[in-house]
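The chain contents come next:
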Amino acid sequence: QVPLVESGGGSVQAGGSLRLSCADSRRTFSNYAMGWFRQAPGKEREFVAIINWNGDTTYNADSVKGRFTISRDNAKTTVYLQMNSLKPEDTAVYYCAADEWLRVLGSKSRYWGQGTQVTVSS
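Residues numbered from 1 in each chain as written. Predicted model: local features only at pLDDT ≥ 70, side-chain atom pairs only at ≥ 80, totals over all residues. Heavy atoms only, no water.

K.L.:
What's the story with the overall build of the protein chain in this structure? I'm lost.
P.N.:
From N to C terminus, the protein chain includes one helix and 11 strands. Ordered by position from N to C terminus, the α and β elements of the protein chain give β-β-β-β-β-β-β-β-β-α-β-β. Relative to the compact-globule value of 14 Å for 122 residues, the protein chain shows a C-alpha radius of gyration of 13 Å, a close match. If you line up the protein chain on its principal axes, its C-alpha atoms span 40 × 30 × 25 Å. Nonlocal contacts in the protein chain, meaning residues at least 24 apart in sequence, comprise 57% of its contacts between residues at least 6 apart. The average position of the 14 basic charges and that of the 11 acidic charges among the side chains of the protein chain differ by 2 Å. (Helix = DSSP H or I, 4+ residues; strand = E, 2+ residues; numbered from the N terminus. Rg over C-alpha atoms; globule rule 2.2 N^0.38 Å. Contact = heavy atoms within 4.5 Å. Lys, Arg positive; Asp, Glu negative; His and termini not counted. Charge placed at Lys NZ, Arg CZ, Asp CG, Glu CD.)

K.L.:
What should I look at first to understand the packing of aromatic side chains in this one?
P.N.:
Here a ring pair, both rings aromatic, is described through the centre-centre distance and the interplanar angle of the planes. Under the criterion given, the structure shown has six aromatic pairs. With centroids separated by 5.0 Å and ring planes inclined at 35°, the aromatic side chains of Phe-29 and Tyr-111 adopt a geometry described as tilted. Residue Phe-29 is located in the loop between strand S3 (18-23) and strand S4 (33-39), and its partner Tyr-111 is located in strand S10 (residues 111-112); the two are separated by 82 residues in the primary sequence. For Tyr-111, a relative accessible area of 24% corresponds to the partly exposed category. The rings of Phe-37, Phe-47, Tyr-59 and Trp-112 are connected pair by pair, giving a single aromatic cluster. Looking at Arg-45, its charged tip hangs above the ring of Trp-112, at a distance of 3.9 Å from the centre. (Phe/Tyr/Trp six-rings, centres within 6.5 Å; stacked < 30°, edge-to-face > 60°. Buried < 20%, exposed > 50% of the residue type's maximum accessible area, 1.4 Å probe, protein only. Lys NZ or Arg CZ within 6 Å of the ring centre and 35° of its normal.)

K.L.:
Quick question: what am I supposed to make of the state of the cysteines here?
P.N.:
What is meant by a disulfide is a covalent connection between two cysteines, made through their sulfur atoms. In total, this model carries one disulfide according to the counting rule given. Residue pairing for Cys-22: its cysteine sulfur links by disulfide to Cys-96, the two sulfurs lying 2.0 Å apart. Measuring the twist about the S-S bond at about 60°, one finds the Cys-22-Cys-96 disulfide to be right-handed. Placement of the pair is Cys-22 in strand S3 and Cys-96 in strand S9 (residues 92-99), with a sequence separation of 74 residues. (Disulfide = S-S within 2.5 Å.)

K.L.:
For this particular structure, what's the right way to read the side chain of Asn-60?
P.N.:
Within the fold, Asn-60 resides in strand S6 (residues 58-60). Its relative accessible area of 13% is what places Asn-60 among the buried residues. Within the local environment of Asn-60, its side chain forms a polar contact with the backbone oxygen of Phe-68, the two atoms lying 2.9 Å apart. Beyond its immediate stretch of four places on either side in the chain, Asn-60 contacts Phe-47, Val-48, Ala-49, Lys-65, Phe-68 and Ile-70. (Polar contact = N/O pair within 3.5 Å; in protein donor to acceptor, adjacent residues only side chain to side chain.)

K.L.:
Looking at this structure, I do not really get the sheet that holds strand S7 (residues 68-72). What am I missing?
P.N.:
Strands in a sheet are paired, the pairing made by backbone hydrogen bonds, and the direction either parallel or antiparallel. Read across the sheet, four strands follow the order S1-S3-S8-S7 without closing on themselves; strand pairing throughout is antiparallel. The sheet is open, and its two edges are formed by strand S1 (5-7) and S7, each paired on a single side. Pairwise comparison of adjacent strand axes, ignoring direction, gives a mean angle of 15° for this sheet. Strand direction decides the pairing type here: S1 and S3, joined by three bridges, are antiparallel. Within S3, the residue paired with Glu-6 across the bridge is Cys-22. (Pairing = 2+ DSSP bridges. Axes fitted to C-alpha atoms, helices over the stretch in contact; angles between N-to-C directions.)

Structure representation (structure tokens):
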């Protein structure tokens, strides 16, 4: 079982904000990069953002640049995705993932959470 648990999803109106959390309380993946992905109904899983093992390097997909921010706490127990200026097209199940940087960036992560639903209306 993958010890990654997402939370913070919900329903919000367009233009609103949500913050997702991915808990790795056992620090199983403290030496891995972490990423956020999303999957909308009928679509393939899409890369959203990545952060390296120590939290000092990030990269976001073009679709969310300027709106979403990925971060990692100092204890390496939680990865966050701050989502601002949400749009209806952001509606999806959001998953966190962990692995080596290139595997995460290439959507080849071996370790995944169960997902949290984000729904943006209007």
